[in-house]
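# A look at the structure
Here are the chains, one letter per residue:
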Amino acid sequence: MILNDFFIFMKQELMLLFIIFLLLLIKVGKDRSNESLLYLINLLLLINVIAGFILPGEGSLFSDMFRTNPLIALEKNMLNIGTLIISMQSYSWLKSHKHLLEFYILMISTLLGMFYMISSGNLLMFYLGLELSSIPLAALVNFDLEKKASSEAAMKFILSSAFSSGLLLFGVSLIYGTTGSLAYAEITSHLSTDPLQIFAFVLFLAGFAFKISAVPFHFWTADVYEGAPVAITSYLSVISKGAVLFVFVSVLYTVFKPLADVWYGMLFVLSISTIIIGNLFAIRQDNFKRFLAFSSIAQVGFILVGISGSSSMGTAAVIYFVLIYIFSNLGAFGVVSIVSSLTGKERISDYKSFYKTNPFLSWILTIALFSLAGVPPAAGFFGKFFLLIAGAEKGNYLLISIAALNMIVSFYYYLRIVKSVFMEPNESPIESLTIPLISKVALYICLLGIVILGLWSVVYDYIFTLSPIF
Amino acid sequence: MGASSLIVLAIAGIVFSAGGMMIAKIFVKGTKNPQKGQAYESGIKSTGTTWSQFNVGYYLFALVFLVFDVELVFLYPWAVVVKSVGITALIEIIIFIFILFMGFLYAHKKGALKWI
Amino acid sequence: MEIIKGVPLTSYILLCSMLFSIGVLGVLYRRNALVIFMCIELMLNSVNLLLVAFSRYYSDSNAQVFVFFIMAVAAAEVSVGLAILMMIYRNTKTTDIDALNKLKF
């Protein structure tokens, strides 16, 4: 191993490690005011985003445990951008929080875990990355220290995540037993449709389905999303889920390629049930965070449709959709985050005639919801469109038509909120809020992302040229 | 080496533990009274139930101990290969212990190690 | 060492599957958070045993390293879980997870 390679290939991870250690040292030293720290950390995260785009290398380290290529570097950059936006949006919540530095140390550790997970070339590395990205998250969910709901959500999260990683590990051990190796490349060459291997794969898939909250394994999602602080809810629903989806696509398309016929059937059932249940439950929610939880479950269903097609554009469609999803979901969460931290209101019915008092926030919310629903000019439409085309590759029109019908159902509940924001009267509307500048910038970035990604096809073409052919 | 060393280890273990007990039996002067049969609480007569609430500091100690204790399990496989790998292994273990040390510093700063 | 190899691999797989199933059932049926953590540990330990057995069978030490990592991660998981449990106990004075019913469908 040449030391030079080490610094080029692992630069994004080393950058995050550097930030973590810097924050730890600041913590050990004398106390500082939250505001100056917040500016410093946001600046560091911004540098991290910019540094990520420089010199994407291609190669592997530590006897193929860690590998990287421009596509993986791009995925990591997307997660970096999302984390920066979340950090900027939660400014007003964090400004008065007692444990600011711990919050960032834990959050960046989880991001580091996701990076290791994305560039893993070995099941051991994958498992370590997965755990590093889920254990600190449980502590983060508990970050509203005096609220009972927050610690309750954290308990549910850590129990379900430990249980799911147990299932995943049993699958891993059986895969090791039947193939004799933990490295991805060797596993692929030893896979066949042996019953024990299929059983191992089912356990593996169940572990994954827990993490991305696909439907038979979605029970923890709504509770955890409601109890957690808004910043963490958006982190869970966008960054954490996005990272697991990236790994899911690459593992299914490369490592488990010999089992493609087996997992096609499973994904078919998973995606249909995920879309339908997510939509049906989203209709009757009144808490905004719960509503966004179920809407994110439905979005995962659409992504699974795209994955199941195993077409040449599957990977590109998923990554493109996640990129759009980062901007549109963070736009919606950003508004909820600001309103919740300044007024404490989280119910959808509180948002009636929100437009009269806060026109800027209402427009951001509306555009983000349009993008989530997939109304044509917004980027979300193209994301879903590409996913459905990728899913149609196998010629399974039942799946595509169910997904398309559900897209129409989802219009109903997204636009219901837009209607109540603009039209419905309210005696005690949310008062006019003064938004901190840094959060305003974050909201503008989301808006820009939604608009540009929908109008400018270069981004999709770029992702498509990078992604491997199935 | 091999199986014979295991046998020697087992015998040595038995001799050490049994020997200690034997010596205690021989040399300690035995007195018996009802106070001695009770649960030991620093020689003071024990009061109340044993299910009393402990100070939260004990739990913190236990948690910190649990984490650091298990991390040290990695030193065993390291010790097996350190000779053959050479200087790289030394640098890597120094990095590993440095990371643990940062955690320790943090625990110290938060006052988790302060006796109540 | 010969004795370990003398036991056929099928027995190991059977034993581990049973232990794993007991763990899974415990997680699903028990209502006390501490007991659930113990059951999760049981699941992880059955995985460890299986990995070590396979590793002996293949004469390949990769899986044994994996076992070390699983142990360390399980300890971290449990210590975070216990810390959260302490927070809950402070609020509710119970570790029964049926008390955690504030968030519902």
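The shown structure was predicted, so the numbers you read here are calculated from the model rather than taken from an experiment.

Criteria and cut-off values
Residues numbered from 1 in each chain as written. Chains lettered and ligands numbered in written order. Predicted model: local features only at pLDDT ≥ 70, side-chain atom pairs only at ≥ 80, totals over all residues. Helix = DSSP H or I, 4+ residues; strand = E, 2+ residues; numbered from the N terminus. Buried ≥ 20, exposed ≤ 12 C-beta atoms within 10 Å, placed from the backbone. Contact = placed C-beta atoms within 7 Å. Rg over C-alpha atoms; globule rule 2.2 N^0.38 Å. Core = buried A, V, L, I, M, F, W, Y, C linked by C-beta atoms within 7 Å. Nonpolar A, V, L, I, M, F, W, Y, C, P; charged D, E, K, R; others polar. pLDDT = per-residue confidence, 0-100. Axes fitted to C-alpha atoms, helices over the stretch in contact; angles between N-to-C directions. Parallel < 35°, antiparallel > 145°, perpendicular 65-115°, else oblique. Left-handed = near helix turned anticlockwise from the far one by under 90°. Expected span 1.5 Å × (residues − 1).

### A word on the overall build of chain C
Within chain C, the secondary structure is distributed over four helices and zero strands. For chain C, the proportion of its 105 residues judged to be buried stands at 32%. Excluding contacts between residues fewer than 6 apart, the proportion of contacts in chain C whose partners are at least 24 apart in sequence is 44%.

### A short note on the overall build of chain A
From N to C terminus, chain A includes 21 helices and two strands. Whereas a compact globule of 470 residues would reach a radius of gyration of roughly 23 Å, chain A reaches 21 Å, a difference of no more than 12%. Burial status across chain A gives 59% buried among its 470 residues. Counting only contacts in chain A whose residues sit at least 6 apart along the sequence, the fraction spanning at least 24 positions is 80%.

### Regarding the nonpolar core
Looking at soluble globular proteins, one finds that nonpolar side chains tend to be buried together. Residues and elements named next belong to chain A. Counting 203 residues, the largest nonpolar core has Ala138, Val141 and Tyr320 as the members making the most contacts within it. For this core, the element with the most residues is helix 15 (residues 314-343), which contributes 19 residues. Contact partners of Tyr320, with chain neighbours within four places excluded, come to Gly383, Phe386, Tyr460 and Ile463.

### A short note on unusual backbone geometry
Positive phi is not limited to glycine here, since Ser213(A) has a value of about 50°. Within the secondary structure, Ser213(A) is located in the loop between helix 10 (195-212) and helix 11 (219-227). Residue Ser59(C) is not a glycine yet carries a positive backbone phi of 50°. Within the fold, Ser59(C) resides in the loop between helix 3 (33-58) and helix 4 (62-92).

### Some details on the interface of chain A and chain C
Taken together, the contact between chain A and chain C spans 29 residues of the former and 32 residues of the latter. Contributing elements (two or more residues each) for the side of chain A that touches chain C: helix 7 (123-141), helix 8 (148-179) and helix 11 of chain A. Take the side of chain A that touches chain C: its biggest share by element is 17 residues, from helix 8 of chain A. Along the lines of polarity and charge, the residues of the side of chain A that touches chain C split into 17 nonpolar, seven polar and five charged.

### Let's talk about the confidence of the model for chain C
Of the residues in chain C, 83% reach a pLDDT of 70 or more, and the chain-wide mean stands at 81. The complex prediction reports pTM at 0.85, with the ipTM value standing at 0.89.

### Regarding the environment of Lys156(A)
Within the secondary structure, Lys156(A) is located in helix 8. Once the C-alpha coordinates of Lys156(A) and Asp223(A) are considered, the two residues, 67 residues apart in sequence, prove to be 7.9 Å apart.

### Some points on the packing of helix 15 of chain A against helix 21 (residues 458-466) of chain A
All names here are of chain A. Closest axis-to-axis distance for the helix 15/helix 21 pair is 9 Å, and the angle between their directions is 135°. As summarised for this structure, helix 15 and helix 21 are arranged oblique, according to the angle between their axes. For the element pair helix 15 and helix 21, the recorded crossing hand is right-handed. Contacts from Ala316, Ile319 and Tyr320 in helix 15 reach Tyr460, Ile463 and Phe464 in helix 21. For the contact of helix 15 with helix 21, the per-class residue count stands at six nonpolar, no polar and no charged.

### Things to note about the packing of helix 6 (residues 100-118) of chain A against helix 12 (residues 230-255) of chain A
Helices that pack against each other are described as a pair by the angle of their axes relative to one another and the distance between those axes. Residue and element names in this part refer to chain A. Where helix 6 contacts helix 12, the axes come no closer than 8 Å and their chain directions differ by 15°. On the basis of the axis angle, helix 6 is roughly parallel to helix 12. In this structure, the crossing between helix 6 and helix 12 has a hand that is left-handed. Of helix 12, the residues touching helix 6 (which contributes Met107, Met114, Met117 and Ile118) are Tyr235, Ala243, Phe246 and Val247.

### Notes on helix 8 of chain A
All names here are of chain A. Given a rise of 1.5 Å per residue, 32 residues ought to cover 46 Å, and the 46 Å separating the end C-alpha atoms of helix 8 matches this to within 8%. Judged by how many residues are buried, helix 8 sits mostly within the fold: 29 of 32 residues are covered. Directly after helix 8, the chain includes Gly180, whose backbone phi takes a positive value near 80°.

### Section: the environment of Leu433(A)
Within the element layout of this structure, Leu433(A) appears in the loop between helix 19 (397-422) and helix 20 (437-455). Spatially, the C-alpha atoms of Leu433(A) and Thr193(A) are 59 Å apart, while their sequence positions differ by 240 residues.

### Observations regarding the interface of chain B and chain A
Each partner contributes residues to the interface: chain B has four residues there, and chain A has four residues. Looking at the side of chain B that touches chain A residue by residue, the classes come out as three nonpolar, no polar and one charged.

### A closer look at the environment of Ser410(A)
Residue and element names in this part refer to chain A. As for its placement among the helices and strands, Ser410 is situated in helix 19. Ser410 gets classed as buried once you count the C-beta atoms within 10 Å, which come to 23. Residues Ser410 and Ala282 lie 128 residues apart in sequence; the distance between their C-alpha atoms is 8.5 Å. Beyond its immediate sequence surroundings of up to four residues, Ser410 is in contact with Asn279, Ala298 and Ala373.

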